Number of protein chains: 2
Amino acid sequence: MNTSTIAPTNQNTQDTRALRVSGSRLWQSLMDLAKIGGTPKGGVCRLALTELDGQGRDLFSKWALDAGCTIRVDAIGNIFARRAGADDTLPPVMTGSHIDTQPTGGKFDGNYGVLAGIEVMRTLNDAGIRTRAPLEVVVWTNEEGSRFVPVMMGSGVFVGAFTLEHALGQQDAEGVCVRDALKQIGYAGEGDAAHPVGAYFEAHIEQGPVLENHEKVVGVVQAALGQRWYDVTVQGMEAHAGPTPMELRKDALLASSTLIAEVNRIALDRKPHARGTVGFLEVFPNSRNVIPGRVKFSVDLRAPDDAQLTDMDADIRAACERIAKESGTSINIEQVVYFPPQPFAPSLVEAVRRNAQDMGYSTMDCVSGAGHDAVYVARVAPAAMIFVPCADGISHNEIEDAEPEHLEAGCNVLLRAMLDSAGIAQ
Amino acid sequence: MNTSTIAPTNQNTQDTRALRVSGSRLWQSLMDLAKIGGTPKGGVCRLALTELDGQGRDLFSKWALDAGCTIRVDAIGNIFARRAGADDTLPPVMTGSHIDTQPTGGKFDGNYGVLAGIEVMRTLNDAGIRTRAPLEVVVWTNEEGSRFVPVMMGSGVFVGAFTLEHALGQQDAEGVCVRDALKQIGYAGEGDAAHPVGAYFEAHIEQGPVLENHEKVVGVVQAALGQRWYDVTVQGMEAHAGPTPMELRKDALLASSTLIAEVNRIALDRKPHARGTVGFLEVFPNSRNVIPGRVKFSVDLRAPDDAQLTDMDADIRAACERIAKESGTSINIEQVVYFPPQPFAPSLVEAVRRNAQDMGYSTMDCVSGAGHDAVYVARVAPAAMIFVPCADGISHNEIEDAEPEHLEAGCNVLLRAMLDSAGIAQ
């Protein structure tokens, strides 16, 4: 796919500068969609390509058709709802996200980005505004990866991160493959709908605590962190805790503890954006009075640029070597996942910031620590993200929550940024 | 029970100074007993009060009767094999250990101490030596605690650490109680066989690497380490590893790692005998890209004297408080087990050292880090232990191994030390 861009026009007239989305309509749509798969605890369980996901897609499609869009579905089930522009030879200015959820997910993760796109369309319809380039709202298939891996499947196929065939063949825990699940719910489209994108914006709840912590409304996302994931095994010597003096031990958990502290230090040394996490750890034999003979754990390193991430990789490998020597253990470290850092397009990032500030919203530069469809799209088109706060930074949880006025603010920024990119037909 | 002692007599004549046990006979008895419950991998599985344990007890009893002993079984199934002395009003000089094993146990743990006692009897019979005080070889019931808890059940009842009724009522995983299991194998004795003990010696494989590491043959055991066991829970804040910056985290595993390093330091600061171990640890939710919200782990602190152990307790509690504050977590620490340190009787310890050195064996002062029946017996009678090396310090394992000449050496020391305590009838 060719990367195609159009220059921002900044042609908002005085009229469009006063334009605002309807926060209450956006909220109502979020609440209506959340009923499909709604859980007693107020969350949503709508796994990718289930019957419930099909119902959610149907509702989205209805709303898009009602807003005058035409709909195409590609072979991996991505839905593109297009609002014609004055010059439909231009690549579309696209927005969207996903509507599949985690098993105990919330109402906002993904859904917000999709329905903010619908709200932009509705607002433009109400104001009778025609853009120069066409607009598109996209629903990407299976972003969460809860039922089928890999995660971000629809956008991954769209940008060629992996093949359509690979994705269609993936099976869930019951052995149902993506190909059959798509047919089952009526969203097996035809052909490769990959097409040039003029600009891509994705509005999303932050899924972290930074905006809330700094009391900011709009997060101007500079980049998505690169990720290196590792499996580490520390092999020591299992022994009885009583008779074995400290100096004769090869304690695999003690060595692991030192390494966990190093993972933390490696990230802390690269403030504010680098991350280092050990989330998974298992001890063998895991008995109260036995010195651990073996410990397995994960390491997750993230950084906004690849040179930094490469440095961190060198640091963790050096730490493994040093700590193995000091502790008399052997330490094996193996990289199992690599996502390169993905900077967003400076002109679009600037459009997000400028429009947010112009409307009086407080802003903050930030990074995306998690993966999003926008991270894949940014490989083939200029892309940017708009973050809004979520309560206590909590996501992937039924108690996920967000303030209506924050969602409205992010949607207004999305509206203005899309207009900047698409231009107004005179 | 009254603690009753007799003064050591040191009356070994030139004849008895030349007296030696038969290492090959001792080894043969060990191998014969090991056939009962022997495993394909060369270990032994003979859980307490099973039919196999009954067969082992029968073989012991036969050997004891063959050696001219009289046998009594008490209500918890301890077997006392007595060789009459010249003055049977004197309290017996006792030795022994246990013959129950771990599910994947070895041939030597416990069995050595019992059969070394039998070998002492046989050696005295061959030499026609009559002691002043009577001698006893005891088989303590259920030292291992693999089938029934508490561990060291027979010696615990003997010294009143807990009641007979409590012990008899304990059930295994299938709901069989100790009382019924004893009847089943014919070892439910009558009445409380607790009786004054003049001196108690227990020969045992070290179950640790110290003697082997220092190339010594006889460990002169000064004391058994006191133990404090704790359950620790660190409560942090579960969060997504990507979007959560390092400075806003409350990482329960990172805080736990710092505490694990402290446990180690607290013990290292009190060389050479103190121990600090975290053997068990569980992470919640234990997912690769989620910052751990909660970690539970065990802490096992051991020290040879109670003042030191109390200091260590204060240190670990202070560390919990400090680390909780630094990490923004809350840390709960609860002591779940306390065994006081148990010094052994200086005169008996000295007898072990003197006799070992007199016979030209290399010796080393050491401590018992693990629990043994001798640790309970030491509460009511002068007691001491004799350690011999085991291969690579490994025990509670089918590959447990020991050198015949080391086992013979320990048995010779046992013979001489028992003669010192019991005296020779002129």
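Every value quoted in this text rests on a predicted model; they were computed, and no experiment measured them.

Novice: Any chance you could break down the overall build of chain A for me, citing the residues and the numbers?
Specialist: Scanning chain A from N- to C-terminus turns up 13 helices and 16 strands. The globule rule puts the C-alpha radius of gyration for 426 residues at 22 Å, and the 24 Å found for chain A is close to it. The principal-axis extent of the C-alpha atoms belonging to chain A is close to 85 × 45 × 40 Å. Taking all 426 residues of chain A together, the buried fraction comes to 61%.

Novice: Outline the side chain of Arg122 of chain A, listing residues and values.
Specialist: Among the secondary structure elements, Arg122 of chain A is positioned in helix α4 (residues 111–127). This buried residue, Arg122 of chain A, is left without a salt bridge; Glu119 of chain A holds the nearest opposite charge, at 4.3 Å.

Novice: Any details on the relation of the copies chain A and chain B? Residues and values, ideally.
Specialist: Each copy of the sequence occupies a distinct position, and chain A is placed on chain B by a rotation of 180 degrees and an axial shift of 0.0 Å, giving an RMSD of 0.1 Å. What we have between these two chains is a two-fold relation. Considering only C-alpha atoms, the part of chain A nearest the rotation axis is Ser257 of chain A, at 2.2 Å. Taken as a fraction of all interface residues of chain A, those also at the interface in chain B reach 100%, which identifies the copy contact as same-surface.

Novice: Let's hear about helix α10 (residues 306–327) of chain A: which residues, and what values?
Specialist: Residue and element names in this part refer to chain A. Its 22 residues place the ends of α10 31 Å apart at the C-alpha level, agreeing with the 32 Å of an ideal helix rising 1.5 Å per residue. Along α10, the positions that sit buried rather than exposed are Leu309, Met312, Asp313, Ile316, Ala319, Cys320, Ile323, Ala324 and Ser327. The buried side chains of α10 occupy one side of the element, clustering within an arc of 125 degrees when seen end-on. Seen from the open side of α10, the exposed residues pointing more than 90 degrees away from its buried face are Ala307, Glu321, Lys325 and Glu326. For α10, the N-terminal cap is Asp305; the gap from its side-chain oxygen to the backbone nitrogen of Ala307 is 3.1 Å. Downstream of α10 by a residue or two, Gly328 has a phi angle that is positive, lying close to 75 degrees.

Novice: How would you explain the environment of Ala307 of chain B if you had to name every residue and give the values?
Specialist: All names here are of chain B. Note on placement: Ala307 falls in helix α10 (residues 306–327). For Ala307, a relative accessible area of 55% translates into the label exposed. In sequence terms Ala307 and Leu182 are 125 residues apart; their C-alpha atoms lie 40 Å from each other.

Novice: Let's hear about the UniProt feature "domain: Peptidase M20 dimerisation" (unreviewed entry) in chain A: which residues, and what values?
Specialist: As recorded in UniProt, the sites labelled "domain: Peptidase M20 dimerisation" (unreviewed entry) are residues 226–326 of chain A. The span residues 226–326 of chain A shows a helical share of 38% and a strand share of 31%, and its end C-alpha atoms are spaced 31 Å apart.

Novice: Just give me the short version of the domain arrangement of chain A, but keep the residues and values in it.
Specialist: Residues and elements named next belong to chain A. Here chain A is partitioned into domain 1 (14–224 + 341–422) and domain 2 (226–339). Inter-centroid distance (C-alpha atoms) of domain 1 to domain 2 is 37 Å. Viewed at the interface, domain 2 and domain 1 are joined by zero salt bridges. Remark: the boundary between domain 1 and domain 2 carries two residue pairs in polar contact (both at pLDDT 80 or more). Residues that form the side of domain 1 that touches domain 2 fall into these classes: six nonpolar, two polar and one charged.

Novice: Just give me the short version of the pattern of salt bridges, but keep the residues and values in it.
Specialist: Once their charged atoms are close, side chains differing in charge can pair, the charge on each being opposite to the other. Under the defined criterion, the tally for this structure stands at 46 salt bridges over all chains. Between Arg17 of chain B and Asp358 of chain B there is a salt bridge whose closest N-O contact spans 2.8 Å. Taken together, the residues span a long stretch of sequence, with Arg17 of chain B in helix α1 (residues 14–17) and Asp358 of chain B in helix α11 (residues 346–358) at a distance of 341 residues. A residue is classified by how much of its surface remains accessible, and Asp358 of chain B, at 37% relative accessible area, is partly exposed. Close ionic contact of Asp269 of chain B with Arg265 of chain B constitutes a salt bridge, the shortest N to O distance being 2.4 Å. The class of Arg265 of chain B is partly exposed, set by a relative accessible area of 32%. Salt bridges here are not isolated pairs; linked through shared partners, they connect Glu262, Arg265, Asp269, Arg322 and Glu326 of chain A.

Novice: Give a description of the nonpolar core that names residues and reports values.
Specialist: Membership of the largest hydrophobic core comes to 102 residues, with the highest contact counts inside it found for Phe60, Tyr112, Tyr200, Phe201, Phe344 and Leu407 of chain B. Ranked by the residues each element gives to this core, the list is headed by helix α13 (residues 404–422) of chain B, at ten residues. Residue contacts for Tyr112 of chain B: discarding those within four places in its chain leaves Leu26, Leu30, Ala203, His204, Ile205, Val388, His406, Leu407, Gly410 and Cys411 of chain B. Grouped together as the second largest cluster of nonpolar side chains are 101 residues, Ile36, Phe80, Ile386 and Cys390 of chain A included.

Novice: I'd like a description of the pairing of strand β16 (residues 383–388) of chain A, backed by residues and values.
Specialist: Most of β16 of chain A is tucked away, with six of its six residues classed as buried. The alternating pattern of β16 of chain A places Ala383, Met385 and Phe387 of chain A on one face and Ala384, Ile386 and Val388 of chain A on the opposite face, and all of these are buried.

Novice: Explain the confidence of the model for chain A residue by residue, including any values.
Specialist: Averaged over chain A, the pLDDT score is 94; the fraction of residues at 70 or greater is 96%. Considering only residues more than four positions removed or in separate chains, one finds that residues 1–12 of chain A, a stretch of pLDDT under 50, has 40 contacts.

Novice: Before we move on, could you go through the interface of chain A and chain B and cite the residues and values that matter?
Specialist: Taken together, the contact pairs 51 residues of chain A with 51 residues of chain B. Around 4,300 Å² of area is buried between chain A and chain B when both sides are counted, 61% of it from carbon and sulfur atoms. When residues of chain A are sorted by the area they lose upon contact with chain B, Pro243, Met246 and Arg288 of chain A head the list and together hold 18% of the total. Taken together, chain A and chain B are joined by two salt bridges. Counting the contacts that link chain A with chain B gives 14 residue pairs in polar contact (both at pLDDT 80 or more). Those elements that place two or more of their residues in the side of chain A that touches chain B are α8 (210–214), β7 (226–235), α9 (252–268), β9 (275–277), β10 (281–284), β11 (290–291) and β12 (294–303) of chain A.

Novice: Describe the packing of helix α2 (residues 23–34) of chain A against α4 of chain A, with residues and values.
Specialist: Residues and elements named next belong to chain A. Taken N-terminus to C-terminus, the directions of α2 and α4 make an angle of 135 degrees; their axes are 9 Å apart at the nearest point. Relative to α4, the element α2 is oriented oblique. Classified by chirality, the crossing of α4 by α2 is right-handed. Every residue of α4 that contacts α2 at Arg25, Leu26, Ser29, Leu30 and Leu33 is listed here: Asn111, Tyr112, Leu115, Ala116, Glu119, Arg122, Thr123 and Asp126. Across the contact of α2 with α4, the residue classes break down as six nonpolar, three polar and four charged.

Rules behind the numbers
- Residues numbered from 1 in each chain as written.
- Chains lettered and ligands numbered in written order.
- Predicted model: local features only at pLDDT ≥ 70, side-chain atom pairs only at ≥ 80, totals over all residues.
- Heavy atoms only, no water.
- Helix = DSSP H or I, 4+ residues; strand = E, 2+ residues; numbered from the N terminus.
- Rg over C-alpha atoms; globule rule 2.2 N^0.38 Å.
- Buried < 20%, exposed > 50% of the residue type's maximum accessible area, 1.4 Å probe, protein only.
- Lys, Arg positive; Asp, Glu negative; His and termini not counted.
- Salt bridge = Lys/Arg side-chain N within 4 Å of Asp/Glu carboxyl O.
- Least-squares fit on C-alpha atoms with pLDDT ≥ 70 in both.
- Contact = heavy atoms within 4.5 Å.
- Expected span 1.5 Å × (residues − 1).
- Arc of directions from axis to C-beta.
- Polar contact = N/O pair within 3.5 Å; in protein donor to acceptor, adjacent residues only side chain to side chain.
- UniProt positions renumbered as here; feature names shortened; annotations may be inferred.
- Domains from an automatic or database assignment.
- Nonpolar A, V, L, I, M, F, W, Y, C, P; charged D, E, K, R; others polar.
- Core = buried A, V, L, I, M, F, W, Y, C linked by side-chain atoms within 4.5 Å.
- pLDDT = per-residue confidence, 0-100.
- Buried area = accessible area lost by both parts, 1.4 Å probe.
- Axes fitted to C-alpha atoms, helices over the stretch in contact; angles between N-to-C directions.
- Parallel < 35°, antiparallel > 145°, perpendicular 65-115°, else oblique.
- Left-handed = near helix turned anticlockwise from the far one by under 90°.

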